[in-house]
Amino acid sequence: MDYPEQQLIQRAKQGETAAMEQIFRMHLDSAVRLAYLVTRNWATAEDAVQEAFVQAFRSLDTFQEHRPFKPWFTRIVINKAKRTKGRLDRGHLPYEIEEENVHASFNPEGSAMEKEGLNQLFEAINSLDDKHRLPLLLKYVSELTEAEIAETLRIPLSTVKSRLYTARQRLKRNMAAHEGGGRDDLR
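Residues numbered from 1 in each chain as written. Predicted model: local features only at pLDDT ≥ 70, side-chain atom pairs only at ≥ 80, totals over all residues. Heavy atoms only, no water.

(A) Seen up close, the packing of helix α6 (residues 130–140) against helix α7 (residues 146–153). In the contact formed by α6 and α7, the axes pass within 10 Å of each other and the chain directions differ by 135°. The angle between α6 and α7 falls in the class oblique. For the pair α6 and α7, the sense of crossing is right-handed. Where α6 approaches α7, its residues P135, L138 and K139 are matched on the opposing element by E146, I149, T152 and L153. In the contact of α6 with α7, the residues fall into four nonpolar, one polar and two charged. (Axes fitted to C-alpha atoms, helices over the stretch in contact; angles between N-to-C directions. Helix = DSSP H or I, 4+ residues; strand = E, 2+ residues; numbered from the N terminus. Parallel < 35°, antiparallel > 145°, perpendicular 65-115°, else oblique. Left-handed = near helix turned anticlockwise from the far one by under 90°. Contact = heavy atoms within 4.5 Å. Nonpolar A, V, L, I, M, F, W, Y, C, P; charged D, E, K, R; others polar.)

(B) Summary view of the environment of R40. Tracing the backbone through its elements, the reader meets R40 in the loop between α2 (17–39) and α3 (42–58). Distance from R40 to K85, taken between C-alpha atoms, is 8.6 Å for residues 45 residues apart in sequence. There is a polar contact of 2.5 Å between the side chain of R40 and the side chain of N126. (Polar contact = N/O pair within 3.5 Å; in protein donor to acceptor, adjacent residues only side chain to side chain.)

Pasting the structure below:
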């Protein structure tokens, strides 16, 4: 039986493991994806998310039920991912493309170009500093609203908007420069 998230949180605060399991299942995939984008390594991301869930469930009594859960938990995931990455210090690894296009065999040249385009995009995202990369990932990968991003990162909403704008402009310039053979077509 599925319960609204706030009800699950109340039940989890009382120690009900079924409620904790349901919260876990609701947030696992997006938490691992976000941790991966921070750590750039699947194993490190999974370790970070495991630690994040342990901390979240241990700290659940401090969670304010009238607030949304996702920004609170996302902040824990980001902090754990940063710490785990720093602790394991595996260096910069490229993003991996997990799912292959099943139609690629019909158009291998198009598939190669698509993969190259994704790799360029991921390189451009990697080139951003954390203060611009994290809001971008939270908006487009974790699908948080700008207000939730502000709450998660504990920065003003206007700062979130500014950083998102700057990040998108930098990505646009980076991609245009790469497509134009090094020319910046956006001047």
